[in-house]
Amino acid sequence: MKKILTLCLSAGIQKTIEFSKIQLNKVNRSLNYRFDIAGKAVNSARVLAQLAEKNEIHLSKSDIKQNITLICPLGEKNLDFWRELSKEENFIQKNILIPGFTRECCTLIERESGRVTELVVEEPKIQDENQKTKTNELLSLLECELSRKSQSKPEALLVAGSVPSYWDSNIMEEIARIARKNDVLLMVDFKGKTLLNLLPEFAPNIIKINKEEFLETFYPEIFEQDAPKCDTIKLQELICHQSKILGNIIIVTDGANDTILSDKGKCYIGKTEKVSVKNTIGCGDSFNAGFLYEFLKSKNLEKALEMGTFVASRNAESLAPGSIF
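Since the model is a prediction, treat every value here as computed from it, not as a measurement.

Caption draft 1: Just the overall build of the protein chain, in detail. Helix and strand counts for the protein chain come out as eleven helices and 13 strands. Viewed in the frame of its principal axes, the protein chain has a C-alpha envelope of about 55 × 45 × 45 Å. Here the protein chain, with 325 residues, has 51% of them falling under the buried criterion. Sequence-distant contacts, at least 24 apart, represent 65% of the contacts inside the protein chain between residues at least 6 apart. Side-chain charges of the protein chain comprise 44 positive and 45 negative groups, with the mean position of each set lying 2 Å from the other.

See below:
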């Protein structure tokens, strides 16, 4: 298995609650609930470990764990709960402790209709005189992980999720700079100004983004007019245009519709599966894990698209977010 490093600046403690039916202005009693550590790159790390456990049968669980590392800042105030929830995870965690709480997310699932709603409780901005020190600590840790000797150096860095207000607005540029300097494949999953600030100097090798995020980031005039009216052919043209300009791979997902990938302007289409959906939260993160796992293994974009789609579909069939079991 190839060694992969994931980085998540916006971790969360996820509570998934299932109801038979949710009615507004009434008391709603749940059928069940569960807690998980979460965040886009956290979910991807979990799925990478599960994929390896399923496919790398020659490796022990401890060997698999050594190949997947998550860098993840955590709030000091609910750190013990995070660590308790992490006990069964099969990847290495390297945490930077910051003041306050790790944010909490709540997923509401209505079994009768299949509807899923996620509520994200963002933590307020923290005034911290040590913020610059914490930023340097995070970047130093990343530098250390990516510049190891060749036999233990990760082949890829996956950075996913938003940048909380605690961090400097240009921190993603510094992260991309470190990846470029150390010649590590960089895959990102975030949008807007955070992504545009990397371009073109630090264009990631792989950008994964959904349809609305792609249009909002690269074509705001189309997004504002009416994103759903951007048909598949037009969307393909726009994705291929940006991929050719940046000289990279851009992957755009669109829920149950086909996934579009462009490699330096060449287009590939990934067909999605029809599945019995339990929970759609974490499907994009699972796609990232499946795509990156197969791409590093085979360097075959069509196989990687198939694996990403397969893994995202298995996540949708699971109640646990960011999970294929």
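Caption draft 2: The arrangement of a nonpolar patch on the surface in detail. A cluster of nonpolar side chains, namely Y33, F35 and F81, defines an oily patch on the protein surface of about 290 Å² accessible area. Here F81 lies in helix 3 (residues 79–85). Residue class for F81 comes out partly exposed when judged on its relative accessible area of 34%.

Caption draft 3: Just the packing of helix 7 (residues 211–218) against helix 9 (residues 232–246), in detail. Across the interface, helix 7 lies against helix 9 with an axial gap of 12 Å and an inter-helix angle of 60°. In terms of orientation, helix 7 and helix 9 fall into the oblique class. Handedness of the helix 7/helix 9 crossing: left-handed. The residues of helix 9 that touch helix 7, namely those facing K211, F214, L215 and F218, are L235, L238, I239 and Q242. A per-class count over the contact of helix 7 with helix 9 returns six nonpolar, one polar and one charged.

Caption draft 4: A look at the pattern of salt bridges. What the rule picks out here adds up to 20 salt bridges. A salt bridge links E122 to R103; its shortest N-O distance comes to 2.9 Å. With a gap of 19 residues between them, E122 in the loop between strand 7 (115–121) and helix 4 (131–146) and R103 in the loop between strand 5 (92–98) and strand 6 (104–110) connect regions that are remote in the sequence. In this structure, the salt-bridge partner of K271 is D258, at a minimum N-O distance of 3.0 Å. With K271 in the loop between strand 13 (266–270) and helix 10 (283–298) and D258 in strand 12 (residues 257–263), the pair connects residues that are 13 residues apart, well separated along the chain. The exposure class of K271 is exposed, given its relative accessible area of 61%. Taking relative accessible area as the criterion, D258 reaches 29% and is therefore assigned partly exposed. Through salt bridges that share partners, K40, D189, K208 and D285 make up one connected network.

Caption draft 5: Just the layout of surface pockets, in detail. The volume enclosed by the largest pocket comes to roughly 1,400 Å³. As for the largest pocket, its lining consists of 50 residues, of which K40, N210, T280, C283 and G284 are closest to the centre. Here the residues of the lining of the largest pocket are counted per class, giving 16 nonpolar, 19 polar and 15 charged.

Caption draft 6: Local environment of the state of the cysteines. Inspection of the entire model under this criterion finds zero disulfides. C105 takes part in no disulfide bond, and the closest cysteine sulfur, belonging to C106, lies 8.9 Å away. Judged by relative accessible area, which is 7%, C105 ranks as buried. Cysteine C267 remains unbridged, with the sulfur of C240 as its closest cysteine sulfur at 4.2 Å. With relative accessibility at 29%, the residue C267 sits in the partly exposed group.

So, how was this worked out
- Residues numbered from 1 in each chain as written.
- Predicted model: local features only at pLDDT ≥ 70, side-chain atom pairs only at ≥ 80, totals over all residues.
- Heavy atoms only, no water.
- Helix = DSSP H or I, 4+ residues; strand = E, 2+ residues; numbered from the N terminus.
- Buried < 20%, exposed > 50% of the residue type's maximum accessible area, 1.4 Å probe, protein only.
- Contact = heavy atoms within 4.5 Å.
- Lys, Arg positive; Asp, Glu negative; His and termini not counted.
- Charge placed at Lys NZ, Arg CZ, Asp CG, Glu CD.
- Patch = residues over 30% accessible without salt bridge, like charges linked within 9 Å, V, L, I, M, F, W, Y side chains within 5 Å.
- Areas by Shrake-Rupley, 256 points an atom, 1.4 Å probe, with all protein chains shown as cover.
- Salt bridge = Lys/Arg side-chain N within 4 Å of Asp/Glu carboxyl O.
- Axes fitted to C-alpha atoms, helices over the stretch in contact; angles between N-to-C directions.
- Parallel < 35°, antiparallel > 145°, perpendicular 65-115°, else oblique.
- Left-handed = near helix turned anticlockwise from the far one by under 90°.
- Nonpolar A, V, L, I, M, F, W, Y, C, P; charged D, E, K, R; others polar.
- 1 Å grid on protein atoms, 1.4 Å probe; cavity = no way out; pocket = protein on both sides within 12 Å on 5 of 7 lines; lining within 4 Å.
- Points joined across faces, edges and corners; volume = space filled by probe spheres on them.
- Disulfide = S-S within 2.5 Å.

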